[in-house]
Amino acid sequence: MALFTACGSSRKQDAKIVSNDAPAIDTIPVFVLRADTLKKTVELPGELIPYEQTDLYAKVSGFVRTMHVDIGDRVRKGQTLAIIEAPEVNTQFVQAETAIQAAKAKWTTSKDNYDRLFRASQSPSPGIVAPVDLVSARNQMLADSASYEAVGQQAKAYKEISGYLYITAPFDGVITARKTDPGALVGASTMLLTVQYNRTLRLRVAVPEMYVSAASKGRNIQFSVDAWPEQRFSGVLTRKTETVDPVTRTELWEFEVDNSRHLLKAGVFAYARIGIERNGPSFVIPPSAITTTLERKFVSKVTEGKVNWIDIRQGITTDSGIEIFGNLKSGDTLLVKSTDERKPGSKGYWKVAHTGAGN
């Protein structure tokens, strides 16, 4: 009886000791935040367009007499591309030239008449020329002079219109479209030809708002096209729109591309590789260290052995992690796997782990 009683008392004491032990503390992996310069290369879609392109229209109504070019033909600035036949335009110009001669003769006569009367009015003998006659002659001369000037301007206009019968190239380039043939009746709004200057091309790339301020300051880029998948082409940054499109949230960048070998074609899509680099240091952490809820986005920071939630904003995503901004500094300790289940103030055994980002 005494032996059994002693054994029972010993088991109760051991059980009491076990029940008074502190609960086990979790081992939680953390990492030390380190500032670094964010660098990344992004591939953005773009489009190649001609450096210059224009559609040539007939400026007067008439019949196409001659078409000197066809698609694919290279032309020079000022070269005659097509001639339109409009006899009434030439007739109007001839009539205007004749009207000029008649108006000039009339003005010359009235001017001579006024000059004679004026000289006579200067004679010492009074009453040779009535003042009313002198005024009338002067007014007639001015009226004839105005008529002569008006007819001259009209003739000039007809001459310019007759020049519209000749369609010329506005710049060096290649004919990419021909919409009519000789003998066709055309009006003032009929398109005849399209001319492109494609020795130099424009590469237009829509850069997302997130990358605008961090894009590399270098002006040269590399890009590729589907037609030459193994070849890399280069372009030089020449201009930006300096505004973000509110619909696409992008800024349009334009690069000039030398196409003297004529390997590239206007209208094709390109894939431009643009370097992204922050002007100053930033923090890049693994995605698992960020917790996103309906109310907030935060990381779990260890301060004095306890967890605190720090609100953040996400930046650029890289291969090594996600850029973040918030009330953080280099040397802070963050949880590798942040979760809203680990509440602020909770404790743990913090073990520094290698994350590949931010340390």
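See the structure shown above.
Quick caveat: nothing in here was measured; it's all calculated off a predicted structure.

Conventions and cut-offs
Residues numbered from 1 in each chain as written. Predicted model: local features only at pLDDT ≥ 70, side-chain atom pairs only at ≥ 80, totals over all residues. Heavy atoms only, no water. Helix = DSSP H or I, 4+ residues; strand = E, 2+ residues; numbered from the N terminus. Buried < 20%, exposed > 50% of the residue type's maximum accessible area, 1.4 Å probe, protein only. Areas by Shrake-Rupley, 256 points an atom, 1.4 Å probe, with all protein chains shown as cover. 1 Å grid on protein atoms, 1.4 Å probe; cavity = no way out; pocket = protein on both sides within 12 Å on 5 of 7 lines; lining within 4 Å. Points joined across faces, edges and corners; volume = space filled by probe spheres on them. Pairing = 2+ DSSP bridges. Contact = heavy atoms within 4.5 Å. Core = buried A, V, L, I, M, F, W, Y, C linked by side-chain atoms within 4.5 Å. Polar contact = N/O pair within 3.5 Å; in protein donor to acceptor, adjacent residues only side chain to side chain. Phe/Tyr/Trp six-rings, centres within 6.5 Å; stacked < 30°, edge-to-face > 60°. Lys NZ or Arg CZ within 6 Å of the ring centre and 35° of its normal.

A.B. asks: Hey, could you run me through the overall build of the protein chain in this one?
C.D. replies: Within the protein chain, the regular secondary structure consists of 4 helices and 21 strands. Looking at the protein chain as a whole, 33% of its 359 residues are labelled buried. Surface exposure of the protein chain reaches about 22000 Å², of which carbon and sulfur atoms provide 52%.

A.B. asks: Honestly, the layout of surface pockets in this entry has me stumped. Any pointers?
C.D. replies: A water-sized probe rolled over the atoms picks out the places where empty space is left. Its volume calculated, the second largest pocket comes out at about 150 Å³. Around the second largest pocket, the lining residues are R232, F233, S234, V257, D258, N259, S260, R261, L263 and L264. When contributions to the lining of the second largest pocket are tallied by element, the ones reaching two or more residues are β12 (228-240) and β13 (250-258). Examining the composition of the lining of the second largest pocket, we find that 3 residues originate from one element, β12, more than from any other.

A.B. asks: Which parts of the structure should I look at to understand unusual backbone geometry?
C.D. replies: Generally, phi is negative for residues other than glycine and the peptide bonds are trans, each holding for most cases. Of note in the backbone geometry, E242 takes a positive phi value of approximately 60 degrees without being a glycine. Tracing the sequence through the fold places E242 in the loop between β12 and β13. Within the chain, R249 stands out as a residue other than glycine whose phi angle is a positive 55 degrees. Along the chain, R249 falls in the loop between β12 and β13. In this structure R249 comes out as partly exposed when scored by relative accessible area, which is 38%.

A.B. asks: How should I be thinking about the sheet that holds strand β4 (residues 62-67) in this particular structure?
C.D. replies: Ordered in space as β7-β6-β4-β9, the 4 strands form an open sheet in which the pairing is antiparallel. Of all strands in the sheet, those with a lone pairing partner are β7 (166-168) and β9 (185-186), marking the two edges. In this structure, β4 lies alongside strand β6 (residues 80-85), joined through 4 bridges in antiparallel fashion. Its bridge partner lying in β6, V64 is registered against I84.

A.B. asks: Where do I start with the environment of L134 in this structure?
C.D. replies: Structurally, L134 is set in helix α3 (residues 131-163). Taking C-alpha positions, L134 is 6.2 Å from L117, a pair spaced 17 residues apart along the chain. Sequence-distant contacts of L134, that is, excluding residues within four places in its chain, are made with Y114, L117, F118, S121 and V129.

A.B. asks: It is not clear to me how the nonpolar core should be interpreted in this structure. Could you clarify?
C.D. replies: Note on soluble globular proteins: their nonpolar side chains tend to be buried together. Judged by nonpolar contacts, the single largest core of 26 residues is most densely connected at L203, F223, I274 and I276. At the level of secondary structure, the elements contributing two or more residues to this core comprise β3 (39-57), β10 (191-208), β11 (220-225), β12, β13 and β14 (269-277). Residues contacting I274, with those up to four places away along its chain left out, are K40, T41, V42, L44, V205, V207, A215, I221 and F255. Listed in part, the 20 residues of the second largest apolar core include V60, A169, F171 and L192.

A.B. asks: Would you explain the side chain of S110 in this entry?
C.D. replies: Here S110 is to be found in helix α2 (residues 87-121). A distance of 2.8 Å separates polar atoms of two side chains, one belonging to S110 and the other to D144. When residues no more than four places from it in sequence are discounted, the contact partners of S110 are A137, Q140, M141 and D144.

A.B. asks: Is there a simple way to think about the side chain of T250 in this case?
C.D. replies: The residue T250 is located in strand β13 in this model. At 2.7 Å, the side chain of T250 and the side chain of T248 are in polar contact.

A.B. asks: Would you mind going over the packing of aromatic side chains with me for this structure?
C.D. replies: Aromatic ring pairs are reported here in terms of the distance separating the ring centres and the angle at which the planes meet. Going through the model one piece at a time under the given rule, you end up with 5 aromatic pairs. Each ring, one from Y51 and one from Y197, has its centre 6.4 Å from the other, and the planes form 75 degrees; the classification is edge-to-face. Of this pair, Y51 sits in strand β3 while Y197 sits in strand β10, and the two are 146 residues apart along the sequence. The class for Y51 is partly exposed, based on a relative accessible area of 25%. Directly above the ring of W253 sits K240, whose terminal nitrogen or CZ lies 4.1 Å from the centroid.

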